[in-house]
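Residue strings, one per chain:
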Amino acid sequence: GPGAGAAGPRAAPPRPPAPGGYPPRRTPPHGGGWGVVGVADQLRADATEAVARLHALGLDVALLTGDRREAGEAIAAQAGIGRVVLYVINI
């Protein structure tokens, strides 16, 4: 019947692990099936080096973010930043 395939009726797929702390987004495409899209921020190519230089100068580096804890901590870890300040918003 409609929505049935070799594997049975269509249903939303289970959520895969989220690399980098970002939740996957489920997207039902037009015409059938489901797709899962992972969305993540990317560090600039020179970000890790810039953070290392700031540390070498004796500066304490922090990441301020309005994002979720897992996402902020994942990006900070990639950049070599040990302190994350969460829930910063632009008003």
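Further up the page is the structure itself.
This write-up is about the structure you can find in this document. (Residues numbered from 1 in each chain as written. Predicted model: local features only at pLDDT ≥ 70, side-chain atom pairs only at ≥ 80, totals over all residues. Heavy atoms only, no water.)

### Remarks on unusual backbone geometry
Part 1 of the argument: At Tyr-87, a residue that is not glycine, the phi angle is positive and equals roughly 60°.
Part 2 of the argument: Relative to the elements of secondary structure, Tyr-87 occurs in the segment after β6 (83-85).
Part 3 of the argument: Owing to a relative accessible area of 57%, Tyr-87 belongs among the exposed residues under this scheme. (Helix = DSSP H or I, 4+ residues; strand = E, 2+ residues; numbered from the N terminus. Buried < 20%, exposed > 50% of the residue type's maximum accessible area, 1.4 Å probe, protein only.)

### Some details on the pattern of salt bridges
Any two side chains of opposite charge can pair, given that their charged atoms come close.
Part 1 of the argument: Taken as a whole, this structure holds 4 salt bridges when the rule is applied.
Part 2 of the argument: One salt bridge in this structure joins Arg-44 and Asp-46, with 3.5 Å as the shortest N-O distance.
Part 3 of the argument: Judged by its relative accessible area of 63%, Arg-44 is exposed.
Part 4 of the argument: When its relative accessible area of 39% is taken as the criterion, Asp-46 is described as partly exposed. (Salt bridge = Lys/Arg side-chain N within 4 Å of Asp/Glu carboxyl O.)

### Here's the deal with a nonpolar patch on the surface
Part 1 of the argument: Residues Leu-54, Leu-57 and Leu-59 make up a contiguous nonpolar surface patch of about 290 Å² in total accessible area.
Part 2 of the argument: Position of Leu-59 among the secondary structure elements: in the loop between α1 (47-56) and β5 (62-64). (Patch = residues over 30% accessible without salt bridge, like charges linked within 9 Å, V, L, I, M, F, W, Y side chains within 5 Å. Areas by Shrake-Rupley, 256 points an atom, 1.4 Å probe, with all protein chains shown as cover.)

### Considerations on the nonpolar core
Buried together is how nonpolar side chains tend to be arranged in soluble globular proteins.
Part 1 of the argument: Residues Val-51, Val-61, Leu-63, Ile-75, Ala-76, Ala-79 and Ile-81 constitute the largest nonpolar core, which totals 7 residues.
Part 2 of the argument: It is helix α2 (residues 69-79) that provides the largest number of residues to this core, a total of 3 residues.
Part 3 of the argument: If we skip the residues at most four places from it in the chain, Val-61 touches Val-51, Leu-54, His-55, Ile-81, Gly-82 and Arg-83. (Core = buried A, V, L, I, M, F, W, Y, C linked by side-chain atoms within 4.5 Å. Contact = heavy atoms within 4.5 Å.)

### A short note on α2
Part 1 of the argument: Burial in α2 covers these residues: Ala-71, Gly-72, Ala-74, Ile-75, Ala-76 and Ala-79.
Part 2 of the argument: Summarising the contacts, the buried residues of α2 are in contact with α1, β5 and β6.
Part 3 of the argument: Directly beyond the C-terminal end of α2, a positive phi value near 80° is found at Gly-80.

The values are spatial; any link to function lies outside them.
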